[in-house]
Structures are given as C-alpha cells and as structure tokens.
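Here is how the chains run, residue by residue.
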Amino acid sequence: MKLQRKNRLRALSLGAVAVSGALALTACGSDDTGNTSGGSTSETTAASSNIKCDDAKGQLLASGSSAQKNAIDAWVKAYTAACKDVKINYNPTGSGAGVTAFLQGQTAFAGSDSPLKPEEITESKKVCTDSQAIDMPMVGGPIAVGYNVPGVDSLVLDAPTLAKIFDNKIKTWDDAAIKKLNPDAKLPSTKIQAFHRSDESGTTDNFTKYLKAAAPSNWKYSGGKAWQAKGGQSAQGSSGLAQQVTQTEGAISYFELSYAGDSIKTVDIKTEAAEPVKATVDNASKAIAEAKVVGEGKDLALELNYKPTAEGAYPITLVTYEIACEKGNKADTLPAVKSFLTYIASEDGQALLKDNSYAPLPTEIATKVRETVAGLS
C-alpha cells in the first residue's frame, strides 16, 4: 500500500476478534477464551523464523491500551517462540495508566490510543536520558457504540443524540430524538444506562473528541483520557464496559469493535453522508485514511478526522501507539525493547496482524516506524 498523498495515512483497521479476559500477558501468550490468537502452530513457527533476538533477554514490562491487547497476544506468542530468553508481561491497564507508568520509569514501553501531550513529552525527559519519548503507530480501527435494548436489532444514532445520552440529557430509549432517527423501531420506555470508562483511557479520549467535533453545541467538555461528563455509570477497561452492556438491559457504551464480538449489537452512526454507517473495519479505514502525521522529528503522532463525509466512512476511530524513549532507554531492557518492536513493525509482525483480523500498517508509515525503532538507543 502507498499513501494517497504526503503525510496521509491510508488504511489502518482493527478487526473484530475474540477478547481475552486476562489482565496480564506473559511469555506464553496465554488466551483464556480459547480463541486462536496468533494463528496455528505452523503459522506461528513460520512467523517466528525471521525474528532476530540479538542480545534480548530477561523480563520486559509494559502496560497501557486495552485496544491492542489481542494484537499483543499474537505478537508475544510468535516472538517468545523464537526468543525464549525473553519474558513479556503486558498489562492492559488503559492508555492513561500505561503512560503514567512509563513516565514514572516503571515500564519499558507503553501502549496508548492517544499520542503524548506536550506536557507528557516534557515530563518524559526525566526518564529518557538526553532525549524524550516518541509515538509509534501500530494498529487502528473503529470504536463501536454497543447497546442492549431487547427487541431492537438495529439502531441509528447521530452525534448530537449520542452527546445528550452520555451527558445524561436523554434518559429513556423512547425519547423523541431517538424515535426520529428510528421511526420503524419499537423503542421501549426503558431507562438508558450509559456506561463510561472509570480509568483514564485513549478510547475515551477519541470517543469524546468525536462528540466534541461532530456535536460541539451538545458536548461542552474539553475532552481527554478522563471522563468529564456528569451522571452515568462506569467500569474498568473496555472489557468491563462490554460486560456491563451484555448484562444490563438498557445499557449503552463505547469500546473497540473487537470487544463487541458476536453478542453485542452496535449502533449505526448517522453522518453527513446519505446513509448511516455501520461500525466495521472497512468503514473505519475510510475515515482513518484521512489522518495526518503531525508529530515532529521521529514522533509519528497522527491527527484523525472525526467528521468524514465520504459514503461509508465510520467516524469514531482510534490508532494505538507504542511509546518508548527515542534515546536513553534503560540498558537492561533496551535489547529486548528494540528486538520486540522491530518484530511487530516488520513485515512478518504486520502479516501476523492480518492473520488475526487486524490491518497492517501502510508501507510508508511502517518504514518510518522501522527506521525509528532501529534508532532507539
């Protein structure tokens, strides 16, 4: 794949895959849901054959984004099959907690669904000797809005209505605003149970950026990884939100499409396009294709477009980054960090994502990431 124009992302997408319930990922790449993360044994062996371990050894601690957990599962399974002297523990604590842990020097790298803020880059200079932390995109895709309303198999909402729902302004499913968007649906008078993340989250950041961009008169909050609106209920992590939607009648929430699986119905989003847009990998890719690289130097932070007008472009999207020091990484973990990040950005690593329903990085972006990883010191 090639970029359509300079500094334009083509397609990153996050496919629907089964969700592991484990909170920590160890070298075995465990997956307690029994899905086939990482592919078959032969696929894993083939993917591992070109991995260069170099001097990598010891335990590698990382944490952050839960959106990329299924990708990490697959990568770790293949990587540790080749590099048996490395043990990787990735804890999907959420983007905010992951960045905080990294900035406190507790982890070798972090996963985040939002690029570092200027003040976080400044703070990173305390842990990155004579340098700073940088953002390296790896995967991306749709944030689905899941709901549990018995008898309603299809639901359309727009940004203003979503904003009012999550700001506790629309309280029941038979509200006039929802009826207008769904004239043929049999909407009950059930109370709406809106769930948001209790932890700081890049998913929250991207979801609220969408609300702010697409419904500015209805969403007055400044946004960020921490939820700001009043009311509603909360749960830990994307898996926690998905669980609440599954078990709570009248519930609605937001999480990566992979967490919806086959059991949670998702909202079609009405945009400026003629038809409402479903939360699918391909539809998210159409919106993410308009993202711009806005990071400076080796930083590859992206600016997403939350108001696409193209037919079929799903507007609520995110990109997950790996965050590490450009220079000044800890000497005892540097070999493993470089080896692992080199692998996940490589053709083999990206191909493994495709096998697991994720989309590989566009060639030009992947090339920049590989060059950046090679220069880590």
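Here the structure is shown first, and the text comes after it.
The present account deals with the structure reproduced in this document. (Residues numbered from 1 in each chain as written. Predicted model: local features only at pLDDT ≥ 70, side-chain atom pairs only at ≥ 80, totals over all residues. Heavy atoms only, no water.)

### A short note on the overall build of the protein
Selection criterion: The secondary structure listing takes helices from DSSP runs of H or I that are at least 4 residues long and strands from runs of E that are at least 2 residues long, numbered from the N terminus. The contact criterion used throughout is that any non-hydrogen atoms of two residues lie within 4.5 Å. Computed with a 1.4 Å probe, the accessible areas rest on the Shrake-Rupley method; for each residue, only the protein chains presented here act as cover.
Per the secondary structure count, the protein includes 12 helices and 13 strands. Here the analysis covers contacts within the protein between residues at least 6 apart in sequence; of these, 76% occur between residues at least 24 apart. Only carbon and sulfur atoms are counted for the fraction: they give 48% of the accessible area of the protein, which is about 15,500 Å².

### As for the pairing of strand E1 (residues 58-64)
For clarity, the threshold we go by: Here the rule is simple: two strands pair whenever DSSP picks up at least two bridges between them. By convention, orient the strands away from the viewer: a clockwise path from the first strand over the helix to the second makes the crossover right-handed.
Looking at chain direction, E1 and strand E2 (residues 86-91) are connected through six bridges and run parallel. Counterpart to Leu60 in the pairing with E2 is Ile88. With respect to chirality, the unit in which E1 leads through helix H2 (residues 69-82) into the neighbouring parallel E2 is right-handed.

### A short note on unusual backbone geometry
Threshold: Burial classes follow relative accessibility: with a 1.4 Å probe on protein chains only, a residue under 20% of its type's maximum area counts as buried, one over 50% as exposed, and anything between as partly exposed.
Look at Asp54: it is not a glycine, yet its phi comes out positive at around 50 degrees. With respect to the helices, strands and loops of the structure, Asp54 is situated in the loop between helix H1 (41-48) and E1. We classify Asp54 as exposed; its relative accessible area is 66%. One non-glycine residue with positive phi stands out, namely Asn168, at about 65 degrees. For Asn168, the location among the structural elements is in the loop between helix H5 (159-166) and helix H6 (176-181). For Asn168, a relative accessible area of 37% corresponds to the partly exposed category.

### Some words on the nonpolar core
Quick note on the threshold: Residues belong to a common nonpolar core when they are buried Ala, Val, Leu, Ile, Met, Phe, Trp, Tyr or Cys residues joined through side-chain atoms within 4.5 Å.
Phe166, Ile252 and Phe340 are the most contacted members of the largest nonpolar core, which has 95 residues in total. Core analysis: the second largest hydrophobic core is formed by 10 residues, Val99, Phe102, Ile121 and Cys128 among them.

### Here we look at the packing of aromatic side chains
Put simply, the rule reads: Two rings from Phe, Tyr or Trp (for Trp, the six-membered ring) form a pair when their centres sit within 6.5 Å of each other. Planes less than 30 degrees apart are called stacked, planes more than 60 degrees apart edge-to-face, and all others tilted.
Summed over all chains, the structure comprises 10 aromatic pairs. Ring centres of Phe166 and Trp227 lie 6.0 Å apart, and the angle between their planes is 65 degrees; this geometry places the pair in the edge-to-face category. Of this pair, Phe166 sits in helix H5 while Trp227 is found in the loop between helix H7 (202-214) and strand E7 (233-235), placing the two residues 61 residues apart along the sequence. Trp227 carries the same exposure label as Phe166, and that label is buried. Of the aromatic side chains, those joined through ring pairs into one cluster are Phe166, Phe207, Trp219, Tyr221, Trp227 and Tyr254.

### Things to note about the packing of H2 against helix H10 (residues 334-345)
Cut-off, in case you're wondering: In this analysis, axes come from line fits to C-alpha atoms, helices being fitted only over the stretch in contact, and the angle between any two N-to-C directions falls in the range 0 to 180 degrees. An angle counts as roughly parallel when it lies under 35 degrees, as roughly antiparallel when it exceeds 145, as roughly perpendicular when it falls between 65 and 115, and as oblique in every other case. Crossing chirality is assigned from the near helix's rotation relative to the far helix, an anticlockwise turn below a right angle marking it left-handed and a clockwise turn marking it right-handed. Side-chain classes follow a simple rule in which Ala, Val, Leu, Ile, Met, Phe, Trp, Tyr, Cys and Pro form the nonpolar group, Asp, Glu, Lys and Arg form the charged group, and the remainder, Gly included, forms the polar group.
Closest axis-to-axis distance for the H2/H10 pair is 10 Å, and the angle between their directions is 120 degrees. By the angle class used here, H2 and H10 are oblique. Crossing angle aside, the handedness with which H2 passes H10 is right-handed. Between H2 and H10, the contacting residues are Trp75, Val76, Ala78 and Tyr79 on the first element and Ala336, Ser339, Phe340, Tyr343 and Ile344 on the second. Taken together, the residues that form the contact of H2 with H10 break down as eight nonpolar, one polar and no charged.

### Thoughts on the environment of Leu187
Looking at where Leu187 falls in the secondary structure, it is placed in the loop between H6 and strand E6 (193-197). A residue is classified by how much of its surface remains accessible, and Leu187, at 13% relative accessible area, is buried. Considered as a pair, Leu187 and Val152 are 35 residues apart in the sequence and their alpha carbons are 7.0 Å apart.

### A few points about the packing of H5 against H7
Interaxial distance between H5 and H7 falls to 9 Å at its minimum, and their mutual angle equals 125 degrees. Accordingly, the angle class assigned to the pair H5 and H7 is oblique. Regarding H5 and H7, the two cross each other, and that crossing is left-handed. Of the residues in H7, those in contact with Ala159, Leu162, Ala163 and Phe166 of H5 are Phe207, Tyr210, Leu211 and Ala214. Classifying every residue of the contact of H5 with H7 gives eight nonpolar, no polar and no charged.

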